[in-house]
Amino acid sequence: MKVTIKDIAKKAGVSPSAVSLVLNNRPCRISQQKKDEIKQIAKELNYTANQIARSLVTKQTKTLGLIIPDIENIFFSSLAKHIEIECRKHGYALIILHSDNNDQHDLELLDLLVSRSVEGIFLIPGSEASKYKEALINKLKQIPIPYIMLDRVYPEFSCDKAWFDNEYGAYLAVKHMLEKGHRKIGCIVSTNFYNGQLRLNGYIRALKEYHIPIKQNYIVKGDYKKESGYFAGKKLMQEDLTAIFVTNDMMALGVINSIYEQNKQIPNDYSIVSYDNTIYPYIFGIELTSVKQDVKKLSSSAFELLYKKITGSVGTEKEICLQPELIVRNSVKALNH
Ligand code: RIB
């Protein structure tokens, strides 16, 4: 039988409203001794507050919302895990919703979270290049609760945001292959996402530094999912190249499949650098070099921004741009020129 406020009140010899004020640490004219007695009884009876009922009193649901584009992508599931840990450390539950890389769904999911009276929202937009972008920006402008944008942020939209420097991460990846002697480097990029476009910019920046002309047939489009990586890999293997920069790990899984299907080896036949550093523990026989976007850092930065907004600290919007890191293993073969 669930213990209620009334059970505690009866045992303590006070009114249920007195118990509710004491357990919610609200001001009340009750002696400290009686307050301690009420809290001790609640502990002995294993009382757990009904959060819905409590929120009617405190106007706080102690619940936050997170919208992620693809919960099956290890980057996002890992990010969701660390955001949930941060929330729980501060006494918040987290509702995790999945938009399937579609910012039309973001519109519906924002409404759902507002209807659940969450106290704040972490938003990773499904994509930034779709026709729903303006509608999403307009909704964010009138949403009645604090939110922050993370990972796939809109550069032209002013709000609190936390993300990694995508162009720099890609530049590090391609520079590493150039330093190993590669000059014919392909790129699989998801330009229907703004951070994908920035990663392409990093690829181009590194090649230009080495005065290597940009070949359009070396650049193949993907959608951050494994299947698109598989078909992009097959297409690039028709070209004369020695290395491939893949702009996320899920597509890299597809590329690896397409290379193995041709009975080729990594790095002997094709050198690979990927992005996200999430699949290394799960792929055998390849020491995959990859760009790391530290989800613990991103989670803590995102929580810090949202918590400040929830707790009312005012001030201008804050933007946190984090630095990615190239984790060098052994998927790029050194070429002698
Ligand atoms: O793997 C999914 C990619 O999209 C990641 O690199 C992350 O940045 C997300 O935006």
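Comments concerning the site of the ligand
And then number 1: In the vicinity of the ligand, the contacting residues are Asn73, Phe75, Phe76, Asp151, Arg152, Asn195, Arg199, Tyr224, Asn248, Asp276 and Gln293.
And then number 2: Between Asn73 and the ligand, the recorded distance is 2.8 Å, taken from a side-chain N or O atom to an oxygen atom.
And then number 3: Asn195 is positioned with one of its side-chain polar atoms (N or O) 2.8 Å from an oxygen atom of the ligand.
And then number 4: Isolated, the ligand exposes 280 Å² of accessible area, and the fraction of that covered by the protein chains is 100%.
And then number 5: Of all the secondary-structure elements, those providing two or more residues to the shell around the ligand are α5 (74-89) and α9 (194-209).
And then number 6: Its residues assigned to classes, the shell around the ligand comprises three nonpolar, four polar and four charged.
And then number 7: The residue makeup of the shell around the ligand includes at least three contributed by each of domain 2 (63-164 + 295-323) and domain 3 (166-293).

Remarks on the nonpolar core
And then number 1: Tyr203 and Phe245 are the most contacted members of the largest nonpolar core, which has 46 residues in total.
And then number 2: Setting aside residues up to four positions removed in sequence, Tyr203 forms contacts with Ala170, Val174, Ile185, Gly186, Cys187, Tyr218, Ile219 and Phe245.
And then number 3: Core analysis: the second largest hydrophobic core is formed by 26 residues, Ile83, Leu150, Ala162 and Ile310 among them.

Quick notes on the pairing of strand β10 (residues 289-292)
And then number 1: Two elements, strand β9 (residues 271-275) and β10, share three bridges in a ladder whose sense is parallel. Its bridge partner being in β10, Ser274 is matched across the sheet by Ser290.
And then number 2: Bridge count for β10 against strand β12 (residues 325-327) is three bridges, and the pairing is antiparallel. Paired with Ser290 across the bridge in β12 is Ile327.

As for the packing of aromatic side chains
And then number 1: Within this structure, the stated rule accounts for seven aromatic pairs.
And then number 2: Here Tyr230 and Phe231 contribute two aromatic rings whose centre-to-centre distance is 5.0 Å and whose plane-to-plane angle is 80 degrees, an arrangement assigned as edge-to-face.
And then number 3: Three or more aromatic residues link up through ring pairs in this structure, and these residues are Tyr92, Phe122, Phe303 and Tyr307.
And then number 4: Across the ring face of Tyr171, the terminal group of Arg205 is positioned such that the distance to the ring centre comes to 3.8 Å.

Considering the state of the cysteines
And then number 1: Tallied over the full model, the rule gives zero disulfides.
And then number 2: Residue Cys187 stays outside any disulfide, its sulfur separated by 19 Å from that of Cys321, the closest cysteine.

Description of the sheet that holds strand β11 (residues 319-322)
And then number 1: Spatially, six strands are ordered β2-β1-β3-β4-β5-β11 in an open sheet, and the strand pairing comes out parallel. Edge strands, defined here as strands with exactly one partner in the open sheet, are β2 (93-98) and β11. Averaged over all pairs of adjacent strands, the angle between their axes in this sheet comes to 15 degrees, without regard to strand direction.
And then number 2: Where strand β3 (residues 120-123) and strand β4 (residues 147-150) come together, three bridges link them in parallel fashion. Following the sheet pairing, Leu123 is matched in β4 by Met149.
And then number 3: The sheet contacts of helix α6 (residues 103-115) involve β1 (63-68), β2 and β3, and relative to β1 the element is tilted by about 170 degrees.

So, α9
And then number 1: The end-to-end C-alpha distance of α9 is 23 Å, a good match for the 22 Å that 16 residues give at a rise of 1.5 Å each.
And then number 2: Looking at the buried positions of α9, the neighbouring elements they touch are α8 (166-179), β6 (185-189), β7 (219-221), β8 (243-246) and β9.
And then number 3: Trailing α9 by a residue or two, His211 shows a phi angle of about 55 degrees, which is positive.

Some remarks on the pattern of salt bridges
And then number 1: Summed over all chains, the structure comprises 14 salt bridges.
And then number 2: With its nearest N and O atoms 2.7 Å apart, the salt bridge here joins Lys139 to Asp111. Highlighted residues: Lys139 in helix α7 (residues 133-142) and Asp111 in helix α6, separated in sequence by 28 residues.
And then number 3: Relative accessible area serves as the criterion here: at 41%, Asp111 is assigned to the partly exposed category.

As for unusual backbone geometry
Excluding glycine, most residues fall at negative phi; most peptide bonds, likewise, are trans.
And then number 1: A cis amide bond links Ile266 with the next residue in sequence, Pro267, at an omega value of 5 degrees.
And then number 2: As for its position among the elements, Pro267 is in the loop between α11 (249-261) and β9.
And then number 3: Unlike most non-glycine residues, Asp100 shows phi in positive territory, near 60 degrees.
And then number 4: As for its position among the elements, Asp100 is in the loop between β2 and α6.
And then number 5: Asp100 gets classed as partly exposed once you look at its relative accessible area, which sits at 39%.
And then number 6: Positioned with a positive phi, Asp276 is a non-glycine residue whose angle comes to about 115 degrees.

What about the sheet that holds β12?
The strands making up a sheet associate through hydrogen bonds between their backbones, and the pairing can be parallel or antiparallel.
And then number 1: Ordered in space as β7-β6-β8-β9-β10-β12, the six strands form an open sheet in which the pairing is mixed. The open sheet terminates on both sides in strands that have one partner only, identified here as β7 and β12. Mean inter-strand twist for the sheet, computed between neighbouring axes without regard to direction, equals 20 degrees.
And then number 2: The pairing of β6 with β7 spans three bridges and is classified as parallel. Bridged to Ile188 within β7 is Val220.
And then number 3: Sheet contacts for α9: β6, β7, β8 and β9; angle to β6, the most-contacted strand, approximately 165 degrees.

Cut-offs used in this document
- Residues numbered from 1 in each chain as written.
- Predicted model: local features only at pLDDT ≥ 70, side-chain atom pairs only at ≥ 80, totals over all residues.
- Heavy atoms only, no water.
- Near = heavy atom within 4 Å.
- Polar contact = N/O pair within 3.5 Å; in protein donor to acceptor, adjacent residues only side chain to side chain.
- Areas by Shrake-Rupley, 256 points an atom, 1.4 Å probe, with all protein chains shown as cover.
- Helix = DSSP H or I, 4+ residues; strand = E, 2+ residues; numbered from the N terminus.
- Nonpolar A, V, L, I, M, F, W, Y, C, P; charged D, E, K, R; others polar.
- Domains from an automatic or database assignment.
- Core = buried A, V, L, I, M, F, W, Y, C linked by side-chain atoms within 4.5 Å.
- Buried < 20%, exposed > 50% of the residue type's maximum accessible area, 1.4 Å probe, protein only.
- Contact = heavy atoms within 4.5 Å.
- Pairing = 2+ DSSP bridges.
- Phe/Tyr/Trp six-rings, centres within 6.5 Å; stacked < 30°, edge-to-face > 60°.
- Lys NZ or Arg CZ within 6 Å of the ring centre and 35° of its normal.
- Disulfide = S-S within 2.5 Å.
- Axes fitted to C-alpha atoms, helices over the stretch in contact; angles between N-to-C directions.
- Expected span 1.5 Å × (residues − 1).
- Salt bridge = Lys/Arg side-chain N within 4 Å of Asp/Glu carboxyl O.

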